[in-house]
Amino acid sequence: MLDFERQNRAFFARSVPDRGDDYFAGFAARHAELLANQAAGLDHFHVLVDEDGAVLGRFNLVDVHDGASAALRNTGSLGVLRRTGFVPVGEVVLSGQPGLRHIRELTDGA
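Procedures and definitions
Residues numbered from 1 in each chain as written. Predicted model: local features only at pLDDT ≥ 70, side-chain atom pairs only at ≥ 80, totals over all residues. Heavy atoms only, no water. Helix = DSSP H or I, 4+ residues; strand = E, 2+ residues; numbered from the N terminus. Polar contact = N/O pair within 3.5 Å; in protein donor to acceptor, adjacent residues only side chain to side chain. Contact = heavy atoms within 4.5 Å. Pairing = 2+ DSSP bridges. Axes fitted to C-alpha atoms, helices over the stretch in contact; angles between N-to-C directions. Buried < 20%, exposed > 50% of the residue type's maximum accessible area, 1.4 Å probe, protein only.

S.K.: Let's hear about the side chain of Arg-58: which residues, and what values?
M.R.: Along the chain, Arg-58 turns up in strand β2 (residues 55–61). Only 2.5 Å separates the side chain of Arg-58 from the side chain of Glu-5, close enough to count as a polar contact. In this structure Arg-58 touches Met-1, Phe-4, Glu-5, Phe-12, Arg-19, His-46 and Val-47, once residues within four positions along its chain are discounted.

Quick look at the structure:
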């Protein structure tokens, strides 16, 4: 994951605020924290890998108890949220950038 994040840092920075050098320097501890949040059901992290195990992409749902949010300039994430049944419910500020909070109501069988 660290290699994938480093290789794609500039790409991600075009649609979400850059994570900064500290994120990469302390990646192991941050990654362990993220996995603990996932185990607690707070966040959901996913990677798309090819047949050789190389990471092709990632997608994250964080702070799911309060709704999933995306920055307005992150058109890719906004599109995925809308196509998968999430509905915008309000404006938010994400790392100083305007965004939209989304929710998706789950029912039995959904």
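S.K.: Tell me about the sheet that holds strand β4 (residues 87–94), residues and numbers included.
M.R.: Spatially, β3-β5-β4 is the arrangement adopted by the 3 strands of the open sheet, whose pairing is antiparallel. This sheet does not close on itself; its edge strands, each paired only once, are β3 (68–71) and β4. On average, each strand axis in the sheet is tilted by 30° relative to the strand beside it, whichever way the strands run. Sitting on the sheet, helix α5 (residues 75–83) touches β3, β4 and β5 (97–103), and the angle it makes with β3 is about 145°.

S.K.: Outline the pairing of β4, supporting the account with residue identities and numerical values.
M.R.: The side chains of a regular strand alternate, first on one face of the sheet and then on the other. As defined by bridge partners, β4 adjoins β5 across 7 bridges and the pair is classed as antiparallel. Its bridge partner lying in β5, Val-92 is registered against Gly-99. In sequence, β4 turns back onto β5 through a hairpin of 2 residues, with Ser-95 there showing a positive phi of about 50°.

S.K.: Lay out the environment of Asn-74 in plain terms, naming residues and giving numbers.
M.R.: Residue Asn-74 is classed as buried on the basis of its relative accessible area of 12%. Separated by 58 residues in sequence, Asn-74 and Val-16 have C-alpha atoms that sit 6.2 Å apart. Dropping the residues within four chain positions of it, Asn-74 is found in contact with Ser-15 and Val-16.

These figures come from the coordinates and say nothing about function on their own.
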